[in-house]
Amino acid sequence: MNRFEYADSRLQPNETYVRRDMAVRLYDGDTKTNFEGGELILTSHRILWGRPGDIPRGNTCLSLPLRYIIFFEEEVPGPFSFGRSKKIVLHLSEPAIDKMPGPTDRNLHNYVKLSFKEGLDSNFITQLSDTIMRRLWEFIPATELMSNMNIHDNQRNSGLLPQIKTRTGIIGIERSLQEKQKETDESISLAFQDLTKLMDMAKDMVAISKTISAKIRARQGDITEDETIRFKAYLMSLGIDDPVTRDAYKSSNEYFKELAKQLAYILEEPIKEVGGMMTLTDVYCRVNRARGLELLSPEDLLHASRHLASLGLPIVLRTFDSGVMVLQVLSHDDNAVADCIMELLKQKGSMTAEDLARSEGISVILARERLLVTEKHGKACRDDSIEALRFYPNLFLEETPIFSD
């Protein structure tokens, strides 16, 4: 609670209102406080808490600057916690040296809780996250401006500063902040203009890609194989025409199924080209590069990948014993891979995962898993030393006896 300050509830210059919630109680860590049943206001710079009716009248309230929040999480009551309200846990950084006075100066906990007696609105989490992500207080630190003004006013009243110099200094600060605000607004406007142009250009590029694709199909005989491969590479770099998004579906299950179908459509051929298997991290990078602005979260990718097998799609999710997750084509055969690796071991004499990765042009993680699969099938033996994990051909499979009379 020592991060809270006593402050005027009126919005400060360049501070904007976000939302209001009622019947909110403050916790100092896990400990209840006497600050209960209050009104909570979220602004672009602060979280304000006061008794019902105090904040609209401009009375003194508790203020928590958003710059203190490191991260926040939702605390959901357990299945047997009847009557308990949902809470938001705010994990906070250390208070600033020049912090204004507050309800306490003691630092018992590095987190506080907001308890919503009337129920937690899901929009609160979204709006709080968006407000913290924007970090408007870094561009226009309204609290710093007001703090500086209060300091100068106190010094002027105590006779420490001449009237004229103080007035000139404040005007200079205000003009400087106004100029920075103007520059920031112009930069943001230009950025959004460029983004709009990029989105319009992306639509044109998709139309061009369809035209080129149609010409390739119509004139397959008039284009060389190298040119065809190059055109297909260009088309892939343009991205997905109509990416699957969560907003287009009523349920998460339906969204994940459609996303799984799209993953199979765009990844089947690339996975085949790299040997029938691709790590989930590589899949994540490739898919998001193709989706452009509609980026996919790691959680959504994993959930969609788990639907691949049940939908009978040509690629499936596989988890190795080591925990490495990959997408592989249904035609992938571990026995064939083990036979191929065994022949390579016979030719090379021995190989590490790095050796196999360089030889086959695959990642070291996949190379290691293939060697382990070969060992699991009894077609390779390992030597785990301080130098490296090296694999050798399994000589016990040879028909020629090792020892003779």
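Residues numbered from 1 in each chain as written. Predicted model: local features only at pLDDT ≥ 70, side-chain atom pairs only at ≥ 80, totals over all residues. Heavy atoms only, no water.

As annotated in an unreviewed UniProt entry, the protein carries the name Vacuolar protein-sorting-associated protein 36 and comes from Dinoponera quadriceps. Quoted straight from UniProt, the Sequence similarities (unreviewed entry) entry for the protein says "Belongs to the VPS36 family." If you open the UniProt record of the protein and go to Function (unreviewed entry), you find "Component of the ESCRT-II complex (endosomal sorting complex required for transport II), which is required for multivesicular body (MVB) formation and sorting of endosomal cargo proteins into MVBs." (UniProt positions renumbered as here; feature names shortened; annotations may be inferred.)

Asks: Is there a simple way to explain the sheet that holds strand β15 (residues 389-393) in this structure?
Replies: Paired through their backbone hydrogen bonds, the strands of a sheet run either parallel or antiparallel. Strand order across the open sheet formed by 3 strands is β13-β15-β14, with antiparallel pairing between neighbours. Single-partner strands in this sheet number two, and they are β13 (351-352) and β14 (380-384). The pairing of β14 with β15 spans 5 bridges and is antiparallel. Each residue of the ladder has a partner; that of alanine 380, found in β15, is proline 393. This element, helix α9 (residues 334-348), spans β13, β14 and β15 of the sheet and lies at about 95° to β15. (Pairing = 2+ DSSP bridges. Helix = DSSP H or I, 4+ residues; strand = E, 2+ residues; numbered from the N terminus. Contact = heavy atoms within 4.5 Å. Axes fitted to C-alpha atoms, helices over the stretch in contact; angles between N-to-C directions.)

Asks: Looking at this structure, how should I read empty space enclosed by the protein?
Replies: If a probe the size of a water molecule is rolled over the atoms, the empty space left behind becomes visible. Here the structure, examined in full by the defined rule, presents 2 cavities of 30 Å³ or more. Approximately 40 Å³ is the volume attributed to the largest cavity. What lines the largest cavity is simply Met277, Phe320, His332, Asp334, Val337, Leu366, Glu369, Arg370 and Val373. Ranked by residues supplied to the lining of the largest cavity, first place goes to helix α11 (residues 364-376) with 4 residues. Residue classes in the lining of the largest cavity are distributed as 5 nonpolar, 1 polar and 3 charged. (1 Å grid on protein atoms, 1.4 Å probe; cavity = no way out; pocket = protein on both sides within 12 Å on 5 of 7 lines; lining within 4 Å. Points joined across faces, edges and corners; volume = space filled by probe spheres on them. Nonpolar A, V, L, I, M, F, W, Y, C, P; charged D, E, K, R; others polar.)

Asks: Teacher, can you tell me more about the packing of helix α10 (residues 353-360) against α11 here?
Replies: Angle between the axes and distance between the axes are the two parameters that describe a pair of packed helices. Running from N to C, α10 and α11 cross one another at 110°; their axes reach a closest spacing of 8 Å. On the basis of their axis angle, the class for α10 and α11 is roughly perpendicular. In this structure, the crossing between α10 and α11 has a hand that is right-handed. Residues Ala353, Glu354, Leu356 and Ala357 of α10 pack against Val364, Ala367, Arg368, Arg370 and Leu371 of α11. Of the residues assigned to the contact of α10 with α11, the class counts are 6 nonpolar, no polar and 3 charged. (Parallel < 35°, antiparallel > 145°, perpendicular 65-115°, else oblique. Left-handed = near helix turned anticlockwise from the far one by under 90°.)

Asks: So what exactly am I meant to see when it comes to the side chain of aspartate 300 here?
Replies: Relative to the helices and strands, aspartate 300 is located in helix α8 (residues 298-305). Residue aspartate 300 is classed as buried on the basis of its relative accessible area, which comes to 11%. Here aspartate 300 is in contact with Arg246, Tyr255, Phe256 and Leu259, once residues within four sequence places are set aside. (Buried < 20%, exposed > 50% of the residue type's maximum accessible area, 1.4 Å probe, protein only.)

Asks: Just to check I follow, could you spell out the packing of α9 against α11 for this structure?
Replies: Viewed as axis vectors pointing N to C, α9 and α11 meet at an angle of 95°, and their least axial separation amounts to 9 Å. On the basis of their axis angle, the class for α9 and α11 is roughly perpendicular. Here Asp334, Val337, Ala338, Ile341 and Met342 of α9 come into contact with α11, specifically with Arg370, Leu371, Val373 and Thr374.

Asks: What should I look at first to understand the packing of aromatic side chains in this one?
Replies: Both the distance between ring centres and the angle between the ring planes are used here to describe each pair of aromatic rings. Enumeration over the complete set of coordinates arrives at 3 aromatic pairs. The ring of tyrosine 68 is capped by arginine 67, whose NZ or CZ atom sits 5.1 Å from the centre of that ring. (Phe/Tyr/Trp six-rings, centres within 6.5 Å; stacked < 30°, edge-to-face > 60°. Lys NZ or Arg CZ within 6 Å of the ring centre and 35° of its normal.)

Asks: How should α11 be read in this particular structure?
Replies: It helps to recall that an α-helix has 3.6 residues per turn; residues three or four apart then point in one direction. Across its 13 residues, α11 extends 18 Å between first and last C-alpha, which sits within 8% of the 18 Å expected from 1.5 Å per residue. All buried positions along α11 are accounted for by Leu366, Ala367, Glu369, Arg370, Leu371, Leu372, Val373 and Thr374. One or two residues past the end of α11 sits glycine 378, with phi positive at roughly 75°. (Expected span 1.5 Å × (residues − 1).)

Asks: Explain the environment of lysine 257 here, please?
Replies: The residue lysine 257 is located in helix α6 (residues 252-273) in this model. Separated by 51 residues in the primary sequence, lysine 257 and leucine 308 place their C-alpha atoms 7.9 Å from one another. Beyond its immediate chain neighbours, meaning those up to four positions away, lysine 257 contacts His307 and Leu311.

Asks: It is not clear to me how the pattern of salt bridges should be interpreted in this structure. Could you clarify?
Replies: Close approach of charged atoms allows side chains of opposite charge to pair. Following the criterion strictly, the structure yields 19 salt bridges and no others. A salt bridge links aspartate 8 to arginine 10; its shortest N-O distance comes to 2.5 Å. The exposure class of arginine 10 is exposed, given its relative accessible area of 56%. A salt bridge links glutamate 74 to lysine 86; the nearest nitrogen and oxygen atoms lie 3.8 Å apart. In this pair, glutamate 74 sits in strand β7 (residues 69-75) while lysine 86 sits in the loop between β7 and β8 (87-92), placing the two residues 12 residues apart along the sequence. Given a relative accessible area of 35%, glutamate 74 falls into the partly exposed group. Classification of lysine 86 as partly exposed rests on a relative accessible area of 36%. (Salt bridge = Lys/Arg side-chain N within 4 Å of Asp/Glu carboxyl O.)

Asks: Explain α9 to me, please; I cannot follow it from the model alone.
Replies: Helix length check: α9, at 15 residues, gives a terminal C-alpha distance of 21 Å against a target of 21 Å (1.5 Å per residue), a fit within 8%. Restricting attention to buried positions, one finds in α9 the residues Asp334, Val337, Ala338, Ile341, Met342, Leu344 and Leu345. Along α9, the residues classed as buried sweep out an arc of 165° about the axis, all on the same side. Between the side-chain oxygen at the start of α9 and the backbone nitrogen of asparagine 335 there is a gap of 3.0 Å, and the oxygen is on aspartate 333. Where α9 terminates, the next one or two residues include glycine 349, which has phi positive at roughly 90°. (Arc of directions from axis to C-beta. Polar contact = N/O pair within 3.5 Å; in protein donor to acceptor, adjacent residues only side chain to side chain.)

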